[in-house]
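Here is what each chain is made of, one letter per residue.
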There are 2 protein chains.
Amino acid sequence: MIPSHAEYKKDISYYNIFHEIMRKTMKNEKTSNLRDMILDETFDIEPDEIRKIGYHTTDLIVDYFKNIHTRPILPEKTLEQMRELLNEPLPQIEQTPRVVLDECKKKIIENAVLVGHPRFLGWILASGTAIGAFADGIASALNQNVAISGVGMATATEMLVIDWIKEILGYDSKAGGILVSGGSIANLISLTIARNVKAQYDIATHGIKQDNNMVIYASEEVHMCIPKAVNILGIGTNNIRWIKVNDNYRLDILDLEFKIAEDKKKGKHPFAVVATAGTVNTGAIDPLESIADVCQKHNLWFHVDAAYGGFAALSPKLKPLLNGISRADSIALDPHKWLFIPFEAGCVLVKNPFFMTQTFTTKTDYIHADSTKIPLSDDVDYSEYGIQLSRGFRALKIWMSLKQYGVEKYGRIIEQNTNLARYMAELIEESPDFNIMFPVNLSIVCFRYVPKDINKKYKSRQKKKIEEYLNHLNKAIVQALRADRRAYVSSTILEDKFVLRACIVNHRTTKKDIVDIIGIIRELAITEDDAIRNKFL
Amino acid sequence: MIPSHAEYKKDISYYNIFHEIMRKTMKNEKTSNLRDMILDETFDIEPDEIRKIGYHTTDLIVDYFKNIHTRPILPEKTLEQMRELLNEPLPQIEQTPRVVLDECKKKIIENAVLVGHPRFLGWILASGTAIGAFADGIASALNQNVAISGVGMATATEMLVIDWIKEILGYDSKAGGILVSGGSIANLISLTIARNVKAQYDIATHGIKQDNNMVIYASEEVHMCIPKAVNILGIGTNNIRWIKVNDNYRLDILDLEFKIAEDKKKGKHPFAVVATAGTVNTGAIDPLESIADVCQKHNLWFHVDAAYGGFAALSPKLKPLLNGISRADSIALDPHKWLFIPFEAGCVLVKNPFFMTQTFTTKTDYIHADSTKIPLSDDVDYSEYGIQLSRGFRALKIWMSLKQYGVEKYGRIIEQNTNLARYMAELIEESPDFNIMFPVNLSIVCFRYVPKDINKKYKSRQKKKIEEYLNHLNKAIVQALRADRRAYVSSTILEDKFVLRACIVNHRTTKKDIVDIIGIIRELAITEDDAIRNKFL
């Protein structure tokens, strides 16, 4: 439908109005007045004033770290209360940085969730290093954009950090890599490359063709960012084959083989397998060597989501658990997990770096694509390695943390986390009122509270009834724990059982903390059990 | 192909080996020894030591800001030299933070690109606020993950900041929004939502169907992250219709109407138009009202990439340029551009927030999806608003910057940037040896050096020859500018002409800097012209 003459005229008249605005706002003043209009105002403040802000900021940070052991883990305020506390109209006028910092302390810092508290074992949220925080301050002051050519220093730091990470994993030293916001983007980048490389046609140009028959394999325990990526990629989550897991929550290699065979029979195009090295639910590491064999046999892309477990390689003792990872075509990692780097720090490695630039290049797309980036030097162009163009200087905090602590200490702390998990499991196994769900993988302990008397006392009842109650009770325990604020574990559902889940990726946690956490949970569990059992059983 | 018995056995034996490793590494030590093995080592250092690091960090940052006017803009070292300077094996043992900081100063800070230097006008790289840098230090110390439920304070801050941004733009107060790494991800999120909402079938589940006939429209001047997103989404860049631009580099609405009509005739499925509010090449703002009309008429998703131009709305004078943006279905923004927030800070707004969660939910995908995130409170779950799960506390630096400076000052500085651009254009227009390429849009000035005598002296030559030389000369000028290091502008190609491109998104730039930049460029241009003209003409 070609626009009518009336519409054409309407548009022309819009142009006129628009240009009128442009003329008024941009050209109205007399040329000679322009110079007088510009008052050379800046956001700058005096160096001594910046120093005061910096020292004051430091004092706030020091207090935060100093009190991290003793403050309640969670703020008292709900989201609604926090919104009310913060609520204010869009600020119109200037105020001193001192006032802003004081407000930051009172409203923000004092209401933080103490992720770094030694008794915080929720999700896979690591406690960050102090130097990592100051490194982020420096990085933001320097405000380097690690995408443009010419930013040699930041680019070189990132290249070095990527080399170190490859070495830690024993991965191909010629592999490509880039730092990203976290595992979700690292996995998305990996699967985009996998899809484009394995498509057998130019998918970047033509899009997903007719039959859309590409199929990807992952265990039922894979991270939820994988189906999200498959959605974004236009493959559709129906084309994920959910591979069963065995008793240890690891991908069942026979089911994988079986499902690949089935798909091939149906004329589908299997293209990739996602293995997980450290599932978030149970810490399970999929059988990497076997999956690599299967991928090799069927010419599939072998991707490993090692966001949580990858840096276990820092411990010589734990490293063999990752055997086979060096055969991966791509690996997703999270330095903001077991490298104890403050958020955000993700990483993706791709064995053949050419596949990264081939997938993400914009050079051939259209005439103007590269006109904003005239290559005047032969810098690495990180914008061709992933999704972002503007990209911050994440490498600095990794560089400084690794340099301060060294990999030996890192290895010891990570190993200590796994030993604490085993210690916790041992204490739970010894307890008559707690059940452990499976032998510890990496540093995750899943367990639930089962009152000592429950099976005996209600043995006449249906098993299902008791299970229902145990789910209710353990959910109530997590809620009580949130209200209590002395300790924190998260939860998950394993085979219809609601269970408590302690993830130990915390360098501050000690043996005593583990004993205390179990004690606190027991104390709350007894109270909850007393309060609600009669309503259910 | 079902695995053979031999393969089955092989896999079983692999399991055995694997479990052996697990047993050895995780279970080998006697239970009773576990407690003794855990030495309660941490990454913590004494509070006074942290304070020293913080003060020292502050001093480094103060020095950096203090000298930002006087240091050369670019480091002398090439990427290769930087790599050599940084090169060191993976650090094995601990060292003091003082040593690491000193090295950071010498190797990193002293080799930074001074993006915030008053004469740095390269790309759309803004100079950040000082308080934004310290805010990032605090955010990283607190290490909040603004995804998990329970992090009420960080979530509330982000919600407030998003509300403020909506108010700045005059956008629907009920719209959804999330902070992201930058424009590329903001645009990817927007187009994922557009595709899924407009697909007329459940694309998340089924993937792109048979005919893959969805078509998207954008001007030839659109940012390169748009074709990249279209590639990732599986739509294919062949399904982007490149709409012509008019003399002002704005999308030609008639060509848009024409191409939509053509596609409809062919049975294609037009689903979205990307308008740009401030192209990176020329600062052009597409005719938003007209595009909104077209989208309404054809039921297309109206997306505005306002990464650069969006915050022009902070100036009451410039705000009318964005008329029509309030009708957008989604908007991509970059607070790390004209809100002067340090990298990274992007933002996406979506008029109907339900479309965000509908597109990115993982709740219904598969049984384990939500098991790691038991909703124990009714917090906003930002992981359902975009791609990331773990997500840093970007809101803090925006909150602190807006609070310190207030929108009035922001409006004045942004307006000043546009006035400086007009002033620069004026000076160039008055010069006999510089040509301006088009009237200033927002704060971008595209120009080139054309030696006074060139057209007269070589009038017998082919015009093409002279144009070729001018391209060579201006490229040489940019290179000379890089070597000279007193000023910085980037470049672009407009209608086969290589031109210099000054992007003024710098709160430190003054009138005098503009005069100086032109003087420096002229000085280098004369030298380059003298040196190379004979080789070409």
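Q: I would appreciate a short explanation of the overall build of chain A in the present structure.
A: Helices and strands together make up the secondary structure of chain A, namely 17 helices and twelve strands. Seen through its C-alpha atoms, chain A measures out along the principal axes to roughly 95 × 65 × 55 Å. Counting the 537 residues in chain A, one finds 57% classified as buried. Across chain A, every contact between residues at least 6 apart in sequence was considered, and the portion connecting residues at least 24 apart equals 75%.

Q: How do you make sense of the nonpolar core when you look at a structure like this?
A: Across soluble globular proteins, nonpolar side chains show a tendency to be buried alongside one another. Of all hydrophobic cores here, the largest spans 360 residues; its most connected members are Val273 of chain A together with Val273 of chain B. Counting residues in each nonpolar core, the second largest holds six residues, with Ile203, Ala204 and Ile208 of chain A together with Ile203 of chain B among its members.

Q: How do you make sense of the packing of helix 14 (residues 395-430) of chain A against helix 5 (residues 97-108) of chain B when you look at a structure like this?
A: At a minimum axis distance of 9 Å, the contact between helix 14 of chain A and helix 5 of chain B shows a crossing angle of 140 degrees. Judged on the interaxial angle alone, helix 5 of chain B and helix 14 of chain A are oblique. In this structure, helix 14 of chain A meets helix 5 of chain B at a crossing whose hand is right-handed. Each of Leu396, Met400, Lys403 and Gln404 of chain A in helix 14 of chain A lies in contact with helix 5 of chain B, whose residues at this interface are Pro97, Val100, Cys104 and Ile108 of chain B.

Q: What is the right way to read the relation of the copies chain B and chain A from this model?
A: Both copies of the chain are related by one operation, a rotation about an axis with a shift along it. Under the fitted operation, chain B is carried onto chain A by 0.0 Å of movement along the axis and a turn of 180 degrees, and the coordinates agree to an RMSD of 0.1 Å. On the angle and the small slide along the axis, the relation comes out as a two-fold axis. Both copies share a contact surface, since 100% of the interface residues of chain B are interface residues in chain A too.

Q: Please explain helix 8 (residues 183-198) of chain A as it appears in this structure.
A: Structurally, the α-helix is built with 3.6 residues per turn, so residues lying three or four positions apart point the same way. All names here are of chain A. Its 16 residues place the ends of helix 8 22 Å apart at the C-alpha level, agreeing with the 22 Å of an ideal helix rising 1.5 Å per residue. A large share of helix 8 lies buried, amounting to 15 of its 16 residues. Positive phi shows up at Gln200, right after helix 8, with a value of about 70 degrees.

Q: Please explain the domain arrangement of chain A as it appears in this structure.
A: Many descriptions give the size of an interface as the accessible area lost when the pieces come together. With domains assigned, chain A is organised as domain 1 (5-37), domain 2 (47-71 + 75-112), domain 3 (173-368) and domain 4 (413-536). The straight-line distance from the C-alpha centre of domain 2 of chain A to that of domain 3 of chain A is 40 Å.

Basis of the calculations
Each chain has its residues counted from 1, following the order in which its sequence is written. As a convention, the first chain written is A and the first ligand written is 1, with the rest following in written order. This being a predicted model, a pLDDT of at least 70 is required before a residue's local features are given, and a value of 80 or more before pairs of side-chain atoms are given or counted; all residues contribute to the totals for chains, interfaces and linings. Secondary structure counts use DSSP, requiring at least four H or I residues in a row for a helix and at least two E residues in a row for a strand, with both numbered from the N terminus. Three exposure classes are used. Buried residues have 20 or more other C-beta atoms within 10 Å of their own C-beta, exposed residues have 12 or fewer, and partly exposed residues fall in between, all C-beta atoms being placed from the backbone. Note that contacts rest on C-beta atoms placed from the backbone: two residues are in contact if these are within 7 Å. In these notes, a nonpolar core means any group of buried Ala, Val, Leu, Ile, Met, Phe, Trp, Tyr and Cys residues linked to one another through C-beta atoms within 7 Å. Under this scheme, a helix contributes an axis fitted over its contacting stretch, all axes are lines through C-alpha atoms, and angles between N-to-C directions fall in the 0 to 180 degree range. Any angle that falls under 35 degrees is termed roughly parallel, while one over 145 is termed roughly antiparallel, one within 65 to 115 roughly perpendicular, and all others oblique. In a left-handed crossing the near helix is turned counterclockwise from the far helix by less than a right angle, and in a right-handed crossing that turn is clockwise. For the least-squares superposition of copies, only C-alpha atoms count, and only for residues with pLDDT at least 70 in both. How far a helix is expected to stretch is found by multiplying one less than its residue total by 1.5 Å. Where each domain starts and ends comes from a domain assignment, either automatic or drawn from a database.

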